[in-house]
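Fold and contact review
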Amino acid sequence: MTSQETGVAPRLIPATSLPEDLQDLYPGGTVEGTVGALLCDFLTYAKSRLRPHTYQNYRVIVRTHLLPRHARTPRHCSPREPSWISRRK
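The rules behind each value
- Residues numbered from 1 in each chain as written.
- Predicted model: local features only at pLDDT ≥ 70, side-chain atom pairs only at ≥ 80, totals over all residues.
- Heavy atoms only, no water.
- Helix = DSSP H or I, 4+ residues; strand = E, 2+ residues; numbered from the N terminus.
- Polar contact = N/O pair within 3.5 Å; in protein donor to acceptor, adjacent residues only side chain to side chain.
- Contact = heavy atoms within 4.5 Å.
- Expected span 1.5 Å × (residues − 1).
- Buried < 20%, exposed > 50% of the residue type's maximum accessible area, 1.4 Å probe, protein only.
- Salt bridge = Lys/Arg side-chain N within 4 Å of Asp/Glu carboxyl O.
- pLDDT = per-residue confidence, 0-100.
- Core = buried A, V, L, I, M, F, W, Y, C linked by side-chain atoms within 4.5 Å.

Examining the side chain of Thr30
Tracing the backbone shows Thr30 in strand β2 (residues 30-31). Only 3.0 Å separates the side chain of Thr30 from the side chain of Thr34, close enough to count as a polar contact. The residues contacting Thr30, other than those within four sequence positions of it, are Arg11, Leu12, Ile13, Leu18, Gly36 and Ala37.

Considering helix α3 (residues 35-49)
With 15 residues, α3 should cover 21 Å at 1.5 Å per step; its first-to-last C-alpha distance of 21 Å lies within 8% of that length. Residues of α3 that are buried: Gly36, Ala37, Leu39, Cys40, Leu43 and Ala46.

Quick word on the pattern of salt bridges
Inspection of the entire model under this criterion finds four salt bridges. A salt bridge links Glu20 to Arg59, with the shortest nitrogen-to-oxygen separation between them at 3.0 Å. Of the two residues, Glu20 is situated in helix α2 (residues 20-23) and Arg59 in helix α4 (residues 52-70); the sequence distance between them amounts to 39 residues. Overall, Arg59 belongs to the buried group, its relative accessible area being 12%. For Asp21, the salt bridge identified is with Arg63, shortest N-O distance 3.4 Å. Residue Asp21 is found in helix α2, and its partner Arg63 is found in helix α4; the two are separated by 42 residues along the sequence. A relative accessible area of 14% means that Asp21 is categorised as buried.

Side note on the confidence of the model for the protein chain
Here the protein chain averages 76 in pLDDT, while 73% of its residues score no lower than 70. Confidence, expressed as mean pLDDT per element, reaches its minimum in the protein chain at helix α5 (residues 83-88) with 44 and its maximum at strand β1 (residues 12-13) with 90. Contacts of residues 73-89 to residues separated by more than four positions or lying in other chains number 15 contacts, the stretch itself having pLDDT below 50.

A word on the environment of Leu25
Along the polypeptide, Leu25 turns up in the loop between α2 and β2. As a C-alpha pair, Leu25 and Leu67 span 42 residues in sequence and 8.5 Å in three-dimensional space.

Points about the nonpolar core
Membership of the largest hydrophobic core is limited to twelve residues, which are Ile13, Leu18, Leu22, Tyr26, Ala37, Leu39, Cys40, Leu43, Ala46, Tyr55, Val62 and Leu67. Per-element tally for this core: the top contributor is α3, with five residues. Those residues in contact with Val62 that sit more than four places away from it in its chain are Leu39, Phe42, Leu43, Leu67 and Pro68.

Rendered as structure tokens:
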């Protein structure tokens with residue numbers, strides 16, 4: 001469920017809780033439900049479940065493929081509709 005469906009504001013994940021690969025990318029933290037939060041969950045889960053060598057390979061994949069494509073995710077989620085939707089009306 002999204003914050004629009006529940007009416008509850010998304011939770012901020014502080015930068016200190018993020019894996020080290022994401023701290024420079026999201027210095028102010030990231031918001032629950034964004035790509036940054038998904039990457040945080042992915043790396044946290046992978047680190048606790050995989051062998052060190054495999055985890056390092058996952059980190060390389062995140063740095064080389066995922067971060068360049070998804071690094072510009074907005075950190076602020078608003079309950080209002082995006083401005084481009086209201087312009088179309």
